[in-house]
Number of protein chains: 2
Amino acid sequence: MLRILISEPYSNYNKPMRTYLDCIPCFLKQTLNTGRIATPDEAKIRKMLDVIGDQIKSFPTSATPPEMGQIIYKTIRDISGVDDPYKAQKAVHIQQSLAIFPSLQDIMTHADDKLLTAIRIAIAGNIIDLGMEKSFDLKNDLDKILHQKMAICDIQNFKSQLIKANVILYLGDNSGESVFDRILIEAMNKPVTYVVRDKPVINDVTYADAIASGIDSIADIITSGSDAPGTFVDRCSPELQQLIKKADLIISKGQGNFESLSETILPVFFLLKAKCPVIANHLGVLEDDIVLKQSNFFA
Amino acid sequence: MLRILISEPYSNYNKPMRTYLDCIPCFLKQTLNTGRIATPDEAKIRKMLDVIGDQIKSFPTSATPPEMGQIIYKTIRDISGVDDPYKAQKAVHIQQSLAIFPSLQDIMTHADDKLLTAIRIAIAGNIIDLGMEKSFDLKNDLDKILHQKMAICDIQNFKSQLIKANVILYLGDNSGESVFDRILIEAMNKPVTYVVRDKPVINDVTYADAIASGIDSIADIITSGSDAPGTFVDRCSPELQQLIKKADLIISKGQGNFESLSETILPVFFLLKAKCPVIANHLGVLEDDIVLKQSNFFA
């Protein structure tokens, strides 16, 4: 009952990006890729593909990709019996990110515009995405993103909002990227609550991953209450919904959070690298562009 | 009745390549790509994706990709009302191929091993494939393939078989490639029957496309009696089945024909470029390798 009562006033917060036609073959590709990580049993993977193929006809175009993501990864968990297929890879990415963390701190020491540099570092961490086809090279890509022109950069308003913000939420995305997020959280120098997925989905950061990333040393951590690889306000835990209501600044990392909040009228800033043509088109940028974009709240 | 009676003795001719897990997302991608060529109506394309997604669970792994290809392209025709989505592109590719035909003849004039050169030219034509994601550049790719090492090259046996062959079938693949096929047919210097698809499917060569390619000047043309983008002997017309029975040399162009005949014990030589990782793996070669491979008939 509580969920229904609370979800109503939030209905305007979510007029999200829809599922484009290009997303549909990609759903099957993601099922295959993660199915293979979860199990070597071809018959089980085939069953996952059958289930997701069968779901397509009943998946509304008005829904968003992370809603199918939620179905895909639940299907994979149910059929493989593996709760967290990317567990080992997530641990590796967190370790690799922790290993270069001192060099990220060093970059900050020498930065002129510390906040913008921290934002670039946080976006650089967004290359660690195992839901995508693209491979990545942490050190080389980091260097590139630190010098890459930002296709959208609402930094002035971000700075203005940050100064007056009292309740700041930070919506985490991938494990490993979570280590990079620490740089931005520290640079903001304000109390922050870091939001993680309630259950493992893709390589998204969970509570345990956030702890392993050292987030607990600089921010409170709260789970979304959902296993969606995005943030659907009306499906979040009542506790998080209350926090969202109070927040005067929300930092949204990555594609999944963007897809679920793209048309929100919450005070959100989206930080992401546009890693697929669909997102890039929707944002009006090029593939691989990096973005700091304010939400319609500020329009 | 006739079909059932005839199909039985051929049952051993077809133990074909199966559908691999990687093929399944690719089915949806092909549906999307060709759907967009057939119609700008997103709702119709979405319907096509729904139908093919729904088909996955009932598509046996033991079936071959061209069998799903047949379903995909029939679905696209039925929903879009467009009988031949690639009609315009096929015409362009035939024209482009006819334009470079004199230069192909010129290459032949200067060739030391005329038959092997003609085989390379015929394989080069196989780059014209609109069912694949890959783009191609006719002139550059031709030059590359003429000098590329063949990953499998059963040329000695091909020459031996050709000398004694009386009934030769040539299974065509793509439109445009059909112009390149003329070079090999001429070089063989024997009566040849050229087999085309009965109905438009992908950009595969139909009767009209073969005529436009000038095949009629050097070979008889017969349709397969099927709209499959491959050659399933027991689904071919009775007339073609009789010819297949009599043939002592069958040249099979491209992936679709290979996929449907890979384990055949008919006297087939497969000429193709391995354009996807699945085919390459199945053949034990690398992606983009070129192949002249004899069938198990000669094993």
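J.: How would you explain the sheet that holds strand 5 (residues 249-253) of chain B if you had to name every residue and give the values?
T.: Adjacent strands of a sheet form backbone hydrogen bonds with each other and so pair up, either parallel or antiparallel. All names here are of chain B. Taking strand neighbours across the sheet as the criterion, the 7 strands line up as 1-7-6-5-2-3-4 in an open arrangement whose pairing is mixed. Strand pairing shows two members of the sheet lacking a second neighbour, strand 1 (150-153) and strand 4 (220-223), which therefore form its edges. Taken over all neighbouring pairs, the strand axes of this sheet differ in orientation by 20° on average, direction set aside. Where strand 6 (residues 268-273) and strand 7 (residues 290-294) come together, 5 bridges link them in antiparallel fashion. Within strand 7, the residue paired with Lys273 across the bridge is Ile290. On top of the sheet, helix 11 (residues 238-246) reaches strand 2 (168-171), strand 3 (192-196), strand 4 and strand 5; it is set at about 120° to strand 4, its chief contact.

J.: Account for the interface of chain B and chain A, with residues named and values stated.
T.: At the interface, 21 residues of chain B touch 21 residues of chain A. Between chain B and chain A, a total of about 2,000 Å² is buried, with carbon and sulfur atoms accounting for 59% of that surface. Looking at the side of chain B facing chain A, the largest losses of area belong to B:Leu21, B:Pro25 and B:Arg46, adding up to 33% of the total buried there. In this structure, the connection of chain B to chain A is made through 6 salt bridges. When the shortest N-O distance is used, the salt bridge between A:Arg36 and B:Asp22 registers 2.8 Å. The tally of links from chain B across to chain A stands at 10 residue pairs in polar contact (both at pLDDT 80 or more). Looking at the side of chain B that touches chain A, the elements that each hand over two or more residues are helix 2 (23-38) and helix 3 (42-56) of chain B. Grouping the constituent residues of the side of chain B that touches chain A by class yields 10 nonpolar, 2 polar and 9 charged.

J.: Quick one: what's the story with the sheet that holds strand 7 (residues 290-294) of chain A, residue by residue and with numbers?
T.: All names here are of chain A. Across the sheet, 7 strands lie side by side as 1-7-6-5-2-3-4; this open sheet has mixed pairing. In this open sheet, the two edge strands, each paired with only one partner strand, are strand 1 (150-153) and strand 4 (220-223). This sheet shows a mean twist of 20° between the axes of neighbouring strands, independent of strand direction. Where strand 5 (residues 249-253) and strand 6 (residues 268-273) come together, 4 bridges link them in parallel fashion. Bridge pairing in strand 6 places Ile250 opposite Val268.

About the thresholds
- Residues numbered from 1 in each chain as written.
- Chains lettered and ligands numbered in written order.
- Predicted model: local features only at pLDDT ≥ 70, side-chain atom pairs only at ≥ 80, totals over all residues.
- Heavy atoms only, no water.
- Pairing = 2+ DSSP bridges.
- Helix = DSSP H or I, 4+ residues; strand = E, 2+ residues; numbered from the N terminus.
- Axes fitted to C-alpha atoms, helices over the stretch in contact; angles between N-to-C directions.
- Contact = heavy atoms within 4.5 Å.
- Buried area = accessible area lost by both parts, 1.4 Å probe.
- Salt bridge = Lys/Arg side-chain N within 4 Å of Asp/Glu carboxyl O.
- Polar contact = N/O pair within 3.5 Å; in protein donor to acceptor, adjacent residues only side chain to side chain.
- Nonpolar A, V, L, I, M, F, W, Y, C, P; charged D, E, K, R; others polar.

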